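Structural overview for review
Listed here are the chains, written in short residue letters.
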Amino acid sequence: MRDKTPADHRTSRPDGPIFLIGFMGTGKTSTSGELKDLLGFDEIDLDEAIASRYGMSIAEMFERDGEDAFRERESAMLKEIAGGEPVIVSCGGGCVLREENVSLMKGCGTVVLLTAEPETVLARVKHRTTRPLLNGHMNVEYIADLMEQRRPAYEKACDLTICTDQKTPRQVAEEVSAALGR
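No experiment lies behind these values; they were computed from the predicted model shown.

Re the pattern of salt bridges
- Inspection of the entire model under this criterion finds 15 salt bridges.
- Asp 159 serves as the salt-bridge partner of Lys 106, at 2.9 Å between the closest nitrogen and oxygen. On the criterion of sequence distance, the pair formed by Lys 106 in helix H5 (residues 99-108) and Asp 159 in the loop between helix H7 (140-157) and strand E5 (160-163) is long-range, its members being 53 residues apart.
- The class for Lys 106 is buried, based on a relative accessible area of 15%.
- In this structure, Glu 175 engages Lys 167 in a salt bridge whose closest nitrogen and oxygen atoms are separated by 2.8 Å.

Remarks on the nonpolar core
- By size, the foremost hydrophobic cluster in this structure holds 35 residues, and its most contacted members are Phe 19, Ile 21, Phe 23, Leu 46, Cys 91 and Met 105.
- Apart from residues lying up to four places away in sequence, Leu 46 is in contact with Glu 74, Met 77, Leu 78, Ile 81, Val 89, Ser 90, Cys 91 and Cys 95.
- Of all hydrophobic cores here, the second largest spans 15 residues; its members include Leu 20, Phe 41, Leu 114 and Leu 160.

A word on the sheet that holds E5
- Read across the open sheet, the five strands follow the order E2-E3-E1-E4-E5; overall the sheet is parallel. In this open sheet, the two strands that pair with only one neighbour each are strand E2 (42-45) and E5. Averaged over all neighbouring strand pairs, the angle between strand axes comes to 20°, with direction disregarded.
- As judged from the four bridges shared by strand E4 (residues 110-115) and E5, these two strands associate in the parallel manner. By the bridge assignment for E5, Leu 113 is matched with Thr 161.

A word on the environment of Ile 21
- By the element assignment, Ile 21 lies in strand E1 (residues 18-21).
- The spacing of Ile 21 and Cys 91 is 70 residues in sequence and 5.4 Å in space, taken between C-alpha atoms.

Brief notes about the state of the cysteines
- The full count for this structure, using the stated rule, is zero disulfides.
- Here Cys 91 stays unpaired: no disulfide links it, and the sulfur of Cys 95, its closest cysteine neighbor, is 4.2 Å away.

Describing helix H2 (residues 46-54)
- Among the residues making up H2, those that are buried are Leu 46, Ile 50 and Ala 51. Down the axis of H2, the buried side of the element spans an arc of 130°, and every buried residue falls inside it. Counted as exposed and oriented over 90 degrees from the buried face of H2: Glu 48 and Ser 52.
- Against E2, helix H3 (58-65), helix H4 (67-81) and strand E3 (87-90) lie the buried residues of H2.
- Here H2 starts with a cap whose side-chain oxygen sits 3.1 Å from the backbone nitrogen of Asp 47, and that cap is Asp 45.
- Note on H2: the residue one or two positions beyond its end, Gly 55, has a positive phi of about 65°.

Conventions used here
Residues numbered from 1 in each chain as written. Predicted model: local features only at pLDDT ≥ 70, side-chain atom pairs only at ≥ 80, totals over all residues. Heavy atoms only, no water. Salt bridge = Lys/Arg side-chain N within 4 Å of Asp/Glu carboxyl O. Helix = DSSP H or I, 4+ residues; strand = E, 2+ residues; numbered from the N terminus. Buried < 20%, exposed > 50% of the residue type's maximum accessible area, 1.4 Å probe, protein only. Core = buried A, V, L, I, M, F, W, Y, C linked by side-chain atoms within 4.5 Å. Contact = heavy atoms within 4.5 Å. Pairing = 2+ DSSP bridges. Axes fitted to C-alpha atoms, helices over the stretch in contact; angles between N-to-C directions. Disulfide = S-S within 2.5 Å. Arc of directions from axis to C-beta. Polar contact = N/O pair within 3.5 Å; in protein donor to acceptor, adjacent residues only side chain to side chain.

Shown next as structure tokens:
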């Protein structure tokens, strides 16, 4: 995948929210915290906000209500965030699977895709039990397969791509900030 540079921006609003998208384990949440420190914006972890509102973990939502119900909640939460103050939003890995989410994010802010190799993702998430789509599939092959399935949606949604392999969250945040001219 070719990294997108700021010159590739077509539809983003540089004064709006920064949406961090990408596969689980690419560093969205960690980078969001560092961007908050660098830019002084509030941050929202979309999954945490949904879990807090509904009083259950994402894994519990998937198990009890199914992925479709979770995705509805995710879309509703994004609508609430859009149009507000500049904020950094760490999105769940599947957020871009709905075109309405992509249109909303691109219409009000900048969408930054964080990427990493499947081996990096596995190393970052292998000890976590909060990844419902990986439960029972904690291996490079499965992760690579799922990443490849989602790659077209990620590439279509993003305004900017940053690879996070072998970088600290601070380095990634600095790269994002510089690329966005903030």
